[in-house]
Amino acid sequence: MEINPVKGTHDIYLEEADIYHDIEKCFSEVAMLYNYHEIRTPIIEHTNLFARSAGEDSDIVNKEMYTFLDKGGRSITLRPEMTAGVLRSIVSNKLYIAKEMPVRFFYSGPCFRYERPQAGRYRQFHQFGIETLGVNTPYNDVEVILMAKQMLSMIRLDNVTVKINSLGNEETRKNYRAALREYFGGHIENMCEDCKRRYELNPLRILDCKVPNDRPIIEKAPVITDFLTPEDKEWLNTVRDMLSDLGVETVLDTHLVRGLDYYTGVVFEIASNYKEAPDFGALGGGGHYAHLLKELGGPDLEGAGFSFGLERVASLCQIIFKEEIEKYQESLDFYVVGLNDENIQNNFKLITSLRLEGFISDMNYEVKSMKSIFKYASKIGSKFVIIAGDDEMNKGIVRVKNMLTEEQYDVPYDDQLFAKLHDLMKEYYEKRFNDNSEVEEESGDIN
Ligand code: HAM
């Protein structure tokens, strides 16, 4: 009986897995240039960690968490996001004491939310993100947004909009909540059951409602920007001005309140403007949180961070860079042919040296005809085939065939072998990519 993947999950393999790998590598490199270090925290945490951080009345905690009792009767949750776990770890391990300020971490891994699956929305998805704690100035927010933007630039996704807003300080949010309660008081009877509950607990969360009937009412609700204190406004303006000076333009989005309760002050989201790709929702988002570490039992240090959704970033790359991905796809460098058991056994030495030299290499492990081995090597896109059979060994050579030009070379099997293989590889790349462009131009003329 075939067992299907769980709804809302997906397998990532072959070219798609390569893209995830490349994105994570580029993002990690940028984070390390900013002096961040990696942190890996458990996928399972005590449920109350998320209730305390994301907010008990948030959709994530209320409707979307994968929560179960373990065999010891503890309530455990698969993390719906990474920030809470990272901060919990900073508190558990007292990383704020051991490390110089600011504490800076980047992370990557799976998250779980029981959402309605659709394009760009999964029940298991991956986040790459960063958290920084211990700096209480707008400069930290500037750097966090700058870094997010640079990560996308590193993978050449520059056609994006950085939406920004401020959720202000406690006083701002208190006044705003009161204004929302007053406004929604006149409409709540006609709104969905969730909104009625949110109205009692935290009217700010009504703004997350996606029910079509409720949206027109929500669109006309007061916006938090009108309630910001002069200090909140100055902070937000400093962040925006500095980012603009650094070449990152931001767009003020007065409706941006984010779906998690821990934010204070500046919040942001990054949206794609690529018309070629469907709108998967925000590529990433984050912001400032003044009290989260303290609420989780740590010292009173302010923090900021963001996370990208890797599914959304990878899907966008697959669409935008489709042709390049196909053209430059990493394939095998050398396929080594053995025509009898003795050849195959000897080939282990050659293939191990090739791999240590940095060449992606493979070989046949069963005796087969030359014809079928070549057919296979061609099918998997190997750049070269190396034949090291009895004849070649007797002559102290290997025969190297360029699968693109079909040229063959007898190369001495001595300490100059790898130098010659590097030369051949260089020629292969020059031929393949230069010639391809000529072929494309010629075919353009015919059309
Ligand atoms: P978030 O906006 O909930 O923020 O999620 C961050 C990103 O994760 C989203 O922008 C989106 O790309 C991706 N994402 C969220 N849900 C799904 C889903 N169901 N399927 C696919 N992708 C999804 C956070 O999680 C915060 N922890 C970000 C943060 C870090 N704030 C401060 N530090």
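Along each chain, numbering runs from 1 in the same order as the chain's sequence is written. The model is predicted, so local features are restricted to residues of pLDDT at least 70 and side-chain atom pairs to those at 80 or more, both for listing and for counting; the totals for chains, interfaces and linings are taken over all residues. Note: side-chain values were computed over all heavy atoms of the structure, leaving out hydrogens and water.

Asks: So, helix α12 (residues 310–320): which residues are in play, and what are the values?
Replies: Within α12, eight of the 11 residues are buried, which leaves it mostly tucked inside the rest of the structure. Packing partners of the buried residues in α12 comprise α1 (14–33), β5 (103–112), β6 (124–133), β9 (266–272), β11 (303–309) and α13 (322–328). Relative accessible area decides the class of each residue, using a 1.4 Å probe on protein chains only: under 20% of the type maximum gives buried, over 50% gives exposed, and in between gives partly exposed. Secondary structure is summarised from DSSP: a helix means a run of H or I of at least four residues, a strand means a run of E of at least two, and numbering begins at the N terminus for each. The contact rule is simple, with two residues in contact once any of their heavy atoms fall within 4.5 Å.

Asks: Any chance you could break down the sheet that holds strand β1 (residues 37–38) for me, citing the residues and the numbers?
Replies: Strand pairing requires that DSSP identify at least two bridges connecting the strands. With mixed pairing, the eight strands of this open sheet are ordered in space as β1-β5-β6-β11-β10-β9-β7-β8. Looking at the sheet topology across the chains shown, the edges are occupied by β1 and β8 (250–252). Alignment of strand β10 (residues 284–289) against β11, held across six bridges, turns out to be antiparallel. Among the inter-strand pairings, His288 is bridged to a residue of β11, identified as Ala304. Note on definitions: angles span 0 to 180 degrees between N-to-C directions of axes, and those axes are lines fitted to C-alpha atoms, for helices only across the stretch in contact. Sheet strands touched by helix α4 (residues 83–92): β5, β6 and β10. Its angle to β6, the strand with the most contacts, is close to 45°. Lying over the sheet, helix α10 (residues 230–245) contacts β7 (160–166), β8, β9 and β10, oriented at roughly 160° with respect to β7.

Asks: Can you break down the site of the ligand residue by residue, with the values?
Replies: Taken together, 26 residues surround the ligand, and among them Glu81, Thr83, Glu115, Tyr122 and Tyr263 come closest. Residues adjacent in sequence count toward polar contacts only when both atoms are side-chain atoms; beyond that, a polar contact is any pair of N or O atoms within 3.5 Å, and within protein one must be able to donate a hydrogen and the other to accept it. Between Tyr262 and the ligand, the recorded distance is 2.9 Å, taken from a side-chain N or O atom to a nitrogen atom. Between Phe306 and the ligand, the recorded distance is 3.3 Å, taken from a backbone N or O atom to a nitrogen atom. A 1.4 Å probe and the Shrake-Rupley method give the accessible areas. Residues count as covered only by the protein chains that appear here. When the free accessible area of the ligand is taken as 660 Å², the share hidden by the protein chains comes to 95%. For the shell around the ligand, the residue count by class is 10 nonpolar, nine polar and seven charged. Any residue with a heavy atom positioned within 4 Å of a molecule or strand is treated as near that molecule or strand. Gly is put with the polar residues, along with every residue not named as nonpolar or charged; the nonpolar set is Ala, Val, Leu, Ile, Met, Phe, Trp, Tyr, Cys and Pro, and the charged set is Asp, Glu, Lys and Arg.

Asks: Kindly report on the side chain of Lys401, identifying the contributing residues and their values.
Replies: In this fold, Lys401 is placed in strand β15 (residues 397–402). Buried charge without a salt bridge: Lys401, with Glu406 as the nearest opposite-charge side chain at an N-O distance of 4.3 Å. Aside from chain neighbours lying at most four places away, what touches Lys401 is Phe374, Lys383, Phe384, Val385, Glu406, Glu407 and Gln408. His residues and chain termini do not enter the charge count, which takes Lys and Arg as positive and Asp and Glu as negative. Note on definitions: salt bridges are taken to be side-chain nitrogens of Lys or Arg within 4 Å of carboxyl oxygens of Asp or Glu.

Asks: Residues and numbers for the packing of aromatic side chains, please.
Replies: Pairs were defined over the aromatic rings of Phe, Tyr and Trp, the Trp ring being its six-membered one, requiring ring centres within 6.5 Å. Orientation was assigned from the angle between planes: stacked under 30 degrees, edge-to-face over 60, tilted for the rest. Overall, the coordinates contain 17 aromatic pairs when judged by the stated rule. Summarising the aromatic geometry, the rings of Phe268 and Phe306 are spaced 6.2 Å apart at their centres and angled 65° between planes, so their arrangement reads as edge-to-face. With Phe268 in strand β9 and Phe306 in strand β11, this residue pair connects regions lying 38 residues apart in the sequence. Phe268 gets classed as buried once you look at its relative accessible area, which sits at 2%.

Asks: An account of the environment of His291 is needed here, citing residue identities and associated values.
Replies: Note that His291 resides in the loop between β10 and α11 (292–295). Through-space distance from the C-alpha of His291 to that of Ile351 is 56 Å; in sequence the pair is 60 residues apart. If we ignore the near neighbours within four places in the chain, the residues touching His291 are Glu170 and Thr264.

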